[in-house]
Amino acid sequence: MTNTPQNPLNTQVLCLVSWPSLQHLLGGAAPHITRICALLARRPSVGMLIPVILNIPPHVAHPLLEMLYADGYIRPAGPAAAPLAPAPKAESAPSPDSTSDSSFLAKLWQHLVNKK
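The notes below deal with the structure included here.

Each value, and the rule that gives it
Residues numbered from 1 in each chain as written. Predicted model: local features only at pLDDT ≥ 70, side-chain atom pairs only at ≥ 80, totals over all residues. Heavy atoms only, no water. Helix = DSSP H or I, 4+ residues; strand = E, 2+ residues; numbered from the N terminus. Buried < 20%, exposed > 50% of the residue type's maximum accessible area, 1.4 Å probe, protein only. Contact = heavy atoms within 4.5 Å. Areas by Shrake-Rupley, 256 points an atom, 1.4 Å probe, with all protein chains shown as cover. Expected span 1.5 Å × (residues − 1). Arc of directions from axis to C-beta. Pairing = 2+ DSSP bridges. Axes fitted to C-alpha atoms, helices over the stretch in contact; angles between N-to-C directions. Parallel < 35°, antiparallel > 145°, perpendicular 65-115°, else oblique. Left-handed = near helix turned anticlockwise from the far one by under 90°. Nonpolar A, V, L, I, M, F, W, Y, C, P; charged D, E, K, R; others polar.

### Some points on the overall build of the protein
From N to C terminus, the protein includes 6 helices and 3 strands. Burial statistics for the protein: of 116 residues in total, 27% are counted as buried. Considering only contacts in the protein between residues 6 or more positions apart, those separated by 24 or more positions represent 70%. Put simply, the protein shows about 7400 Å² of open surface, and 62% of that area lies on carbon and sulfur atoms.

Pasting the structure below:
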């Protein structure tokens, strides 16, 4: 991905569709891919800002974003990515699975953000 506004990934708000397969995470780029996916799982971000947010050189981050996009792991955020209106909150206790998942993601996010 070139660092020009003409590249649609640079100007798009990107979100995570799914985590890459273990094969993508076994290579030397695994830490960068993991950090990019963790960021996009936590909050959608503009393509050109991802290297800045994660302190990854753009010449490293941009090809990884292209690969993740080409393989369908990330996509531009849009109406399908988020509901138009917030869903009403139910007055029920969260399931143990969702609590442990969100706790794990919060810990992972803090670890990856503090890795700078």
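### Quick word on helix α5 (residues 58-70)
Between its terminal C-alpha atoms α5 stretches 18 Å, which fits the 18 Å expected from 13 residues at 1.5 Å a residue. Among all positions in α5, only Ala61, His62, Leu64, Leu65 and Leu68 are buried. In a view along the axis of α5, the buried residues occupy a sector of 165°, so they form one face of it. In this structure, α5 carries His59 and Ala70 as exposed residues pointing more than 90 degrees from its buried face. Looking at the buried residues of α5, the elements they touch are α1 (8-11), β1 (13-16), α3 (30-42), α4 (50-54) and β3 (74-76).

### Quick word on α3
Taking 1.5 Å per residue, 13 residues should reach 18 Å; α3 reaches 18 Å between its end C-alpha atoms and fits that length. Of the residues making up α3, those classed as buried are Ala30, Ile33, Arg35, Ile36, Cys37, Ala38, Leu39 and Leu40.

### Points about the pairing of β1
Where β1 lies against strand β2 (residues 45-46), 2 bridges are found, and the strand directions are antiparallel. The residue of β2 that forms the bridge with leucine 14 is serine 45. Note: β1 against β3, 3 bridges, orientation antiparallel. By the bridge assignment for β3, cysteine 15 is matched with arginine 75.

### Considering the packing of α3 against α5
One way to put it is that α3 packs onto α5 with a least axis distance of 10 Å and a crossing angle of 70°. Relative to α5, the element α3 lies roughly perpendicular. In the crossing of α3 with α5, the sense of the turn from one axis to the other is right-handed. Contacts between α3 and α5 involve His32, Ile33, Ile36 and Cys37 from the first element and Val60, Ala61, Leu64, Leu65, Met67 and Leu68 from the second. Taken together, the residues that form the contact of α3 with α5 break down as 9 nonpolar, 1 polar and no charged.

### A word on the environment of alanine 29
Turning to its location among the elements, alanine 29 is positioned in the loop between α2 (22-25) and α3. The spatial distance from the C-alpha of alanine 29 to the C-alpha of valine 60 is 8.7 Å, given a sequence separation of 31 residues.

### Regarding the sheet that holds β2
With antiparallel pairing, 3 strands are arranged side by side in an open sheet as β2-β1-β3. Of all strands in the sheet, those with a lone pairing partner are β2 and β3, marking the two edges. α3 rests against β1, β2 and β3 of the sheet, and its axis sits at about 100° to β1. Relative to β3, α5 is tilted by about 90°, and along the sheet it contacts β1 and β3.

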